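Coordinate inspection notes
Residues per chain are reported as follows:
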Amino acid sequence: MEEIKKILAYNKQFVEEKRYEQYSASKFPNKKLAIVTCMDTRLVELLPAALGLKNGDVKMIKNAGGVVTSPFGSVIRSLLVAIIELGVTDIMVIGHTDCGVQHIDSEMMIHHMKERGITQESIDLMKYCGIDFEKWLSGFDTVEDSVRETVDTIRNHPLIPNDINIFGYVIDTQTGELYPVCGPALD
Ligand SMILES: [Zn+2]
């Protein structure tokens, strides 16, 4: 709560001093690019800085792990809007080193949920909603496999047009170095 109050105070000053002017951009991405990546705190500034991205350049879609968990989920929906309505032609899926989602154990997470007051009844209900609850929660073994799987899922999605380029990378959480998993490298 305290942090949010500080943010609100900062925001008021930001607007009053017209510091938004340097961020002026349109909703159509300059680079016709969408990036699917992780919500990791270390990537908030590092990723755009390491890729030379400015406000207005790309559509950035983030979640835990930078993965597609469902063909009808929010990542695919966001990509469809970006491609069909906002002119995106290229997609980069960017995993990262030391990801918090890697090795997440769904059983352990369910155990932690119960400690936070979620009942077994609620957990059982989720299991009957037609999804593989454990798989939905679980992490991945290697970041490269996860990136490859996400790229494949997007490439093979029936609503993603064939002329869209989809590539996979891993970014170093420390140095910002990008290395290709499936896609072009620097010549
Ligand atoms: Zn991560």
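Overview of the structure. Quick caveat, the model's predicted, so the values are computed rather than measured.

I35, L79, I91, I154 and I160 are the most contacted members of the largest nonpolar core, which has 38 residues in total. At the level of elements, β1 (33–38), α2 (43–51), β2 (58–63), α3 (74–85), β3 (90–96), α7 (143–155), β4 (165–171) and β5 (178–182) are the ones that each hand at least two residues to this core. Ranked by the residues each element gives to this core, the list is headed by α3, at six residues.

Looking at the metal site, the zinc ion is ligated by C38 (SG), H96 (NE2) and C99 (SG), spaced 2.0 to 2.2 Å from it. The sequence pattern formed by the donor residues of the zinc ion is C-x57-H-x2-C. Of this pair, C38 sits in strand β1 while C99 sits in the loop between β3 and α4 (106–115); the two residues are 61 residues apart in sequence, bridging distant segments of the chain. For the pair shown, C38 and C99 are each scored as buried.

Let us now look at the pairing of β1. In terms of burial, β1 is a largely internal element, six of the six residues being buried. Note that β1 and β2 share six bridges and pair parallel. By the bridge assignment for β2, L33 is matched with V58. Following the backbone out of β1, through α2 and into the adjacent parallel β2, one traces a crossover that is right-handed.

Here G52 shows up in the loop between α2 and β2. Beyond its immediate stretch of four places on either side in the chain, G52 contacts K31 and D57.

A few words on a nonpolar patch on the surface. Residues M126, I131 and W136 make up a contiguous nonpolar surface patch of roughly 280 Å² in combined accessible area. On the basis of relative accessibility, which here comes to 36%, the residue I131 falls in the partly exposed class.

Reading guide: rules and limits
- All residue numbers refer to positions counted from 1 along the written sequence of the respective chain.
- Local features in this predicted model are restricted to residues whose pLDDT is 70 or higher, and side-chain atom pairs enter the listing and the counts only when it is 80 or higher, whereas totals over whole chains, interfaces and linings include all residues.
- Side-chain measures here rest on the full set of heavy atoms in the structure, leaving out hydrogens and waters.
- Joining through side-chain atoms within 4.5 Å is the link that ties buried Ala, Val, Leu, Ile, Met, Phe, Trp, Tyr and Cys residues into a set, and such a set is a nonpolar core.
- Remark: exposure states derive from per-residue accessible area (1.4 Å probe, protein chains only) relative to the maximum for the residue type, with buried under 20%, exposed over 50%, and partly exposed in between.
- Secondary structure counts use DSSP, requiring at least four H or I residues in a row for a helix and at least two E residues in a row for a strand, with both numbered from the N terminus.
- A donor here means any N, O or S atom no more than 2.8 Å from the metal (3.2 Å for Na, K and Ca); water is not included, so a site may seem to lack partners.
- Whether two strands pair comes down to DSSP finding at least two bridges between them.
- A crossover gets the label right-handed when its path from the first strand over the helix to the second runs clockwise, viewed with the strands pointing away from the viewer.
- By the convention used here, residues are in contact when the closest approach between their heavy atoms is within 4.5 Å.
- Candidates for patches are residues over 30% relative accessible area with no salt bridge; among them, like charges are joined within 9 Å and nonpolar side chains (Val, Leu, Ile, Met, Phe, Trp, Tyr) within 5 Å.
- Working definition of accessibility: Shrake-Rupley area with a 1.4 Å probe, residue cover restricted to the visible protein chains.
- What makes a salt bridge here is a side-chain nitrogen of Lys or Arg within 4 Å of a carboxyl oxygen of Asp or Glu, nothing more.

Just distances and angles here, no functional claims.
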